[in-house]
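Residue-level structure breakdown
Listed below, chain by chain, are the residues.
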Amino acid sequence: MTSTISFKVNGARARVDVSPVKRLSDVLRDDLGLTGTKVGCNAGDCGACTVLLDGEQVCSCLTAAGQVEGRSVTTVEGLAPTGVLNDLQASFKRHGAAQCGICSPGMLMAASSLLSRCSSPTRTQVEDALGGVLCRCTGYQKIVEAVMDAGGQGEALTCPGAGAAVGAPLAKLDADPKLTGAEKYGADSIPKDALWVRIFRSPHAFAHVRLGDFGDLVAATDGLEDILTHEDIPFNRFGIYPVGKDQPVLTEGLVRYRGDALVAAVGTRQAVQSLQLADLPVTFEAMPPLTGVAEAKASDAFQLHEDKPGNILIEGAVRKGEAKAAFESAAARSEGAFTTHFVEHAYIEPEAGWARPVGDRVEVHVTTQAVHMDRDEIASVLQIPKDRVRVIPTACGGGFGGKLDVSVQPILAVAAMKYGRAVACVYERPDSMASSTKRHPSEITCRFAADEQGLLVSSELIADFNTGAYASWGPTVAGRVPVHGSGPYFVPNVHNIGRGVFTNGPPAGAFRGFGVPQAAIAHECMMDDLAEQLTLDRLEIRLRNALRPGQPTATGQVLTHSAGMAPCLEALKEPWAELNRQADGFNRASSGSLRQGVGIGAMWYGIGNTALSNPSTMEVGIDPGGQIVFFNGAVDIGQGSNTILAQICADAAGLPVEAFTYIMGDSDLTEDAGKTSASRQTFVSGKAAEQAGQDLRLSILRHVNAGEGARITLLPGCLVVEDDSARHEIHLEDLPRQDKGMVFMGRGNFDPPTRPLDENGQGDPYATYGFAAQIALVEVDTDLGTTRVRKIVAAHDVGRAINPQQVEGQIHGGIAQGMGLALMEEYVPGVTENLHDYLIPTFGDMPAMEVIIVEDEEPLGPYGAKGVGEPGLVPTAPAIFGAVRHATGVRVTEAPLLPHKLKAALTNQEARK
Ligand code: FES
């Protein structure tokens, strides 16, 4: 039943005929077209949908349309009605407070409510007022700073001028649409007449499935067009590795995890949403699932995939020297076993997109990290040539690796082609959490040994990763971890193994670090053990062993430059001493249950794919009107590549970055830049962008025969080229059009040099590595078992900081996710499938964070840059665990360290005394 509801929106009168119980968020988005209000959970957990109702912040997903009758609603679109950012939005831009931007509208509305009551809020007031809105990208620090500085007079840096972009804290080129609500994410531009697709999923982890006849259901349900089954899918398999396409789009009769796709309903949005799984003629014969690595490896375990005996997906190994013998004769030895669990990406934007047929092609608009891989996967599923598929990425509201795998893409493409019209699919939060890939649970055993001076002589690490029901990025994890398992240290004798093991868990895939964060927990505990045995300072033992230029890695690769581990540790010496003094003072003064401790974690991270070709191609052109167009195939998932790559390209061309426009990721208009993962875009696509800029510059100079040092000035419709001997004007309208309508075009391609690993894992798997160390100050309540992180100081060797503000932002966000891994996040299928049972760090959880940028330049990289996306997270959990041990004596071997587990360990420790 509908009613007419009248209210004010952003100062204007609105009347809608809707059900009075319809969510206000849906009214705003669907009936009024105000898609600046985002929906992340429909349960009041994430706060992305926050709006003002009569000036007070409310979750619009929990507000019924009937509640706003006669009242006044303000959305993000109401903050800048003329398009000029207000003071708060300008402050967000100045401080770099929006990364992916999906949380920004909610943050801005909550902050607006606070600032209307209090023009100069304290940090605590900001944290309290915005505490209901979650951000998965920023670590919150820049958001707090932006709100506190909302009345500040500073301006965001937007025009550094020609040649001055690299190294400048340039505001994001896409900041304005993220802050006004104009940015379009996966669910924001769905055509009104689109059919909707809803995927139904298995409630069982392992079962045979029988599909009945859906004809009666379709006939009896208003608006329901069809139920798609595997028989509707031309090639019913997808997966990352061409030889391992092992995941069905829709089940063929066996489901292997809770969340496996069964069938897809197609119809009106109301029709598909009204259906329940129980309405469908689907029956299950459930079987006992393989819930962990041990069960899956048992000799009598069911084999989940025909071609994978023993349920082993893959094994990777690195062997150097005689690790076992060196261990046995060493002065100091340590051994340990470590466990981690599934971790959810929890991006605030659930998977979403839409597709339509265009002639004999299909066009898919989707939130993704990997446009060209998506195109190839869709073509494979449809069994059509790649050039009949166009993928246009929407803005991506967070990915962290989870949007490297396809989600809605195959079924959208199939449905659009079958029905010949636009179709849309938007996951609800429980769908997203049930079906998306996770961080691999790990079971790691390792042992390290050192001589009397604390120099490592041997390291051995065996890591079993629960890769879940399907391969996804499991091979990458199993291959990367043996390379990194000895830590960022010179170790002469090494034996590391990584294995992916199939179970009936959710598919585990890529998640910021590809297994390296799990391994770092193990190897950093070994370093603390050895320091304790040898009574060495924990920073000092790491410094003595830090991998330096000229020393071979575990794979025998000799880094000749940009191995900045030691400089990072040197940079931390002073804060390390200071925080240790602070903790000692606190503990001497405290007679209660609170204990402080300080810990350190170090890491290294190979940038890009492991021992595989890893190319990127970039193009930049000038059109006849004098507009610079950057054809950028790299997807910006919030980490800032739209801005950073433009900064690099602009300086290489000698043109002002403020004149750049860009096309991001459209598979028809941009070349393949590879996926946004493995911290590779700044290094790999950045080098390609640098070359493209140089190529553009060269083609302009050649056109007028000018020398290399000539200055190029861009004027409307005209380029002026000046050198010592001449001044040339190039009138762009007079020039012939080239590719993509440009009159000048530059192109760059970079594939970082690697050397394949041999049978012993020896080779050069990466062209360069990032290095970092973080120290943590924690406070443990020994009565409750709770751990509060008070401070993190992070030193990161990024080669060169192309944009220092964004480097800091990446590290802040990495620290937040590392804290989640260490202390609170554990995904349990069927139990933690929303954001009120699955907790991620909030404003109130975050410590003070200090970032020290170390610039040990990488000659191969653009202007010396490497990457920082994953390194921001890797050392955090080891640093926190080291600090907990320092505070309490408990040696942490399982993540997350939930309060009841720490309390039990403290109780056991007390009992052993
Ligand atoms: Fe906050 Fe991405 S910027 S969720």
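Refer to the structure above for everything that follows.
Residues numbered from 1 in each chain as written. Predicted model: local features only at pLDDT ≥ 70, side-chain atom pairs only at ≥ 80, totals over all residues. Heavy atoms only, no water.

For the rest of this paragraph, the subject is the overall build of the protein chain. For the protein chain, the count of helices and strands is 22 helices and 34 strands. The C-alpha radius of gyration of the protein chain comes to 27 Å, within 12% of the 29 Å expected for a compact globule of 913 residues. With respect to the three principal axes, the spread of C-alpha positions in the protein chain is 85 × 75 × 60 Å. For the protein chain, restricting intrachain contacts to residue pairs at least 6 apart in sequence, the fraction spanning at least 24 positions comes to 77%. (Helix = DSSP H or I, 4+ residues; strand = E, 2+ residues; numbered from the N terminus. Rg over C-alpha atoms; globule rule 2.2 N^0.38 Å. Contact = heavy atoms within 4.5 Å.)

So, on to the sheet that holds strand S16 (residues 361-366). Pairing is mixed in the open sheet, where seven strands are placed in the order S8-S10-S6-S18-S15-S16-S17. At either end of the open sheet lies a strand with only one pairing partner, and these are strand S8 (224-228) and strand S17 (389-393). With strand direction ignored, the average angle separating the axes of adjacent strands in the sheet is 20 degrees. Looking at chain direction, S16 and S17 are connected through five bridges and run parallel. Pairing of histidine 365 across the sheet is with isoleucine 392, part of S17. (Pairing = 2+ DSSP bridges. Axes fitted to C-alpha atoms, helices over the stretch in contact; angles between N-to-C directions.)

Before going further, it helps to examine the nonpolar core. The biggest cluster of nonpolar side chains holds 200 residues, and the ones touching the most others in it are Phe92, Met107, Leu130, Val147, Phe744 and Ile880. Examining the composition of this core, we find that eleven residues originate from one element, helix H15 (residues 516-534), more than from any other. The residues touching methionine 107, leaving out its near neighbours within four places in the chain, are Phe92, Leu130, Val133, Leu134, Cys135, Tyr140, Ile143 and Phe843. (Core = buried A, V, L, I, M, F, W, Y, C linked by side-chain atoms within 4.5 Å. Buried < 20%, exposed > 50% of the residue type's maximum accessible area, 1.4 Å probe, protein only.)

Relative to strand S28 (residues 718-722), strand S27 (residues 711-715) runs antiparallel, the two sharing five bridges. Looking across to S28, one finds that arginine 711 is bridged to glutamate 722. If you look at the hairpin formed by S27 and S28, you'll find two residues sitting between the two strands, and glycine 717 has a positive phi there, around 70 degrees.

The next subject is the side chain of glutamate 524. Inspection of the secondary structure puts glutamate 524 in helix H15. In this structure the side chain of glutamate 524 is engaged in a polar contact, spanning 2.9 Å, whose partner is the side chain of histidine 523. At a separation of 2.7 Å, a polar atom in the side chain of glutamate 524 contacts the side chain of arginine 542. When neighbours within four sequence positions are excluded, glutamate 524 is seen to be in contact with Tyr489, Arg542, Ile600, Gly601, Ala602 and Pro878. (Polar contact = N/O pair within 3.5 Å; in protein donor to acceptor, adjacent residues only side chain to side chain.)

For the rest of this paragraph, the subject is unusual backbone geometry. Backbone phi values are negative for most residues with the exception of glycine, while trans is the configuration of most peptide bonds. Here the residue pair alanine 895 and proline 896 is connected by a cis peptide bond, since its omega of 5 degrees sits within 30 degrees of zero. For asparagine 10, which is not glycine, the phi dihedral falls at a positive 50 degrees. Among the structural elements, asparagine 10 can be located in the loop between strand S1 (3-9) and strand S2 (12-18). Residue asparagine 10 is classed as partly exposed on the basis of its relative accessible area of 28%. With a phi close to 55 degrees, tyrosine 863 is a non-glycine residue in the positive phi region. Mapped onto the secondary structure, tyrosine 863 falls in the loop between strand S33 (848-854) and helix H21 (876-888).

What follows covers the sheet that holds strand S7 (residues 207-211). Spatially, S9-S7-S11 is the arrangement adopted by the three strands of the open sheet, whose pairing is antiparallel. Two strands lie at the open edges of the sheet, namely strand S9 (254-255) and strand S11 (282-286), each paired on one side alone. In terms of strand pairing, S7 meets S9 through two bridges, oriented antiparallel. Within S9, the position partnered with histidine 208 by the bridge is leucine 254.

Bringing the packing of aromatic side chains into the picture now. Applying the stated criterion across every chain yields a total of ten aromatic pairs. For the ring pair phenylalanine 206 and phenylalanine 302, a centre distance of 5.0 Å and an interplane angle of 65 degrees mean the geometry is edge-to-face. Separated by 96 residues along the polypeptide, phenylalanine 206 in the loop between strand S6 (195-201) and S7 and phenylalanine 302 in the loop between helix H9 (293-297) and strand S12 (312-320) bring together distant segments of the chain. Overall, phenylalanine 206 belongs to the buried group, its relative accessible area being 2%. With a relative accessible area of 39%, phenylalanine 302 lands in the partly exposed category. Grouped by ring-pair contacts, the aromatic residues Trp604, Tyr766, Tyr769 and Phe771 constitute a single cluster. A cation over a ring is seen here: lysine 740 above phenylalanine 631, with NZ or CZ 5.1 Å from the ring centre. (Phe/Tyr/Trp six-rings, centres within 6.5 Å; stacked < 30°, edge-to-face > 60°. Lys NZ or Arg CZ within 6 Å of the ring centre and 35° of its normal.)

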